[in-house]
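# A look at the structure
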Amino acid sequence: MKKLLFFAAIALCSLKGLQAQEKSNAIKFNPLSFLGGVDLLSYERAIGEKSSVVLGGGYGGFKLGDVKYNSTGVMLQYRMYFSEALDGWYGGANVQYRRGKVEVGHSSFSFDDNTTSDSEELKFNSFGGGIKIGHQWAWNSGFTLDLNLGVNYSSFSYDLNEGQENFYEDTLEGGGTLPTFGFALGYAW
């Protein structure tokens, strides 16, 4: 009986080793997304031999002088691999939604050492989409490295707080195209 269990365990480990070659899921972490990206954590699922979908979510924020920015967002991406899904060169297209706020502080100084400060807060919503090209390495150990770059278009809609004067009413909607760069570490199975 012990020999049977031993051979069953070896067969199971061998089967598991074969399955490791055909990875169809990956979870990844992109530290660059802390700057305002939508793919801090992402899940990738192979949907064919050479294609996958990626669902990501993120939180980001930073402070630069008197400006404080934070946002949360989600992203959905389709990838077409040139070799096999989850390993190799790929091209992709994505759509994303982000919301957040920008706080701008103002300080006034006087000669009698009195300092006053106030701040304005702008809330925003953003929809966008873009294209990427990249390479993902998926090693036999399961660890992955994903490097990519592309361009992304985003349209923004800003809302002022109640009671704030809106001197810039015509400029509170906008959009633009920016380059993107991704660097993600993860695990595939």
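Residues numbered from 1 in each chain as written. Predicted model: local features only at pLDDT ≥ 70, side-chain atom pairs only at ≥ 80, totals over all residues. Heavy atoms only, no water.

### Quick notes on the overall build of the chain
In terms of helices and strands, the chain carries one helix and eight strands. Reading the chain from its N end, one meets helices and strands in the order α-β-β-β-β-β-β-β-β. Within the chain, the proportion of its 189 residues that are buried is 32%. In the chain, the share of contacts with a sequence separation of at least 24, taken over all contacts with a separation of at least 6, comes to 58%. On the chain, roughly 12,300 Å² of surface is accessible, and the fraction owed to carbon and sulfur atoms is 64%. (Helix = DSSP H or I, 4+ residues; strand = E, 2+ residues; numbered from the N terminus. Buried < 20%, exposed > 50% of the residue type's maximum accessible area, 1.4 Å probe, protein only. Contact = heavy atoms within 4.5 Å. Areas by Shrake-Rupley, 256 points an atom, 1.4 Å probe, with all protein chains shown as cover.)

### As for empty space enclosed by the protein
Vacant regions in the atomic arrangement are exposed by a probe of water-molecule size rolled over the atoms. In total, this model carries one cavity of 30 Å³ or more according to the counting rule given. Of the pockets and cavities examined, the largest cavity occupies roughly 90 Å³. Lining the largest cavity we find 14 residues, and of these Asp39, Ser42, Arg79, Asp146 and Asn148 sit closest to its centre. For the lining of the largest cavity, the secondary-structure elements that each account for two or more residues are strand S4 (67–81), strand S7 (143–160) and strand S8 (173–188). The class makeup of the residues in the lining of the largest cavity is four nonpolar, five polar and five charged. (1 Å grid on protein atoms, 1.4 Å probe; cavity = no way out; pocket = protein on both sides within 12 Å on 5 of 7 lines; lining within 4 Å. Points joined across faces, edges and corners; volume = space filled by probe spheres on them. Nonpolar A, V, L, I, M, F, W, Y, C, P; charged D, E, K, R; others polar.)

### Quick look at unusual backbone geometry
Phi at Leu86 takes a positive value of approximately 75°, unusual for a residue other than glycine. Positionally, Leu86 belongs in the loop between S4 and strand S5 (88–109). What makes Leu86 buried here is its relative accessible area of 2%.

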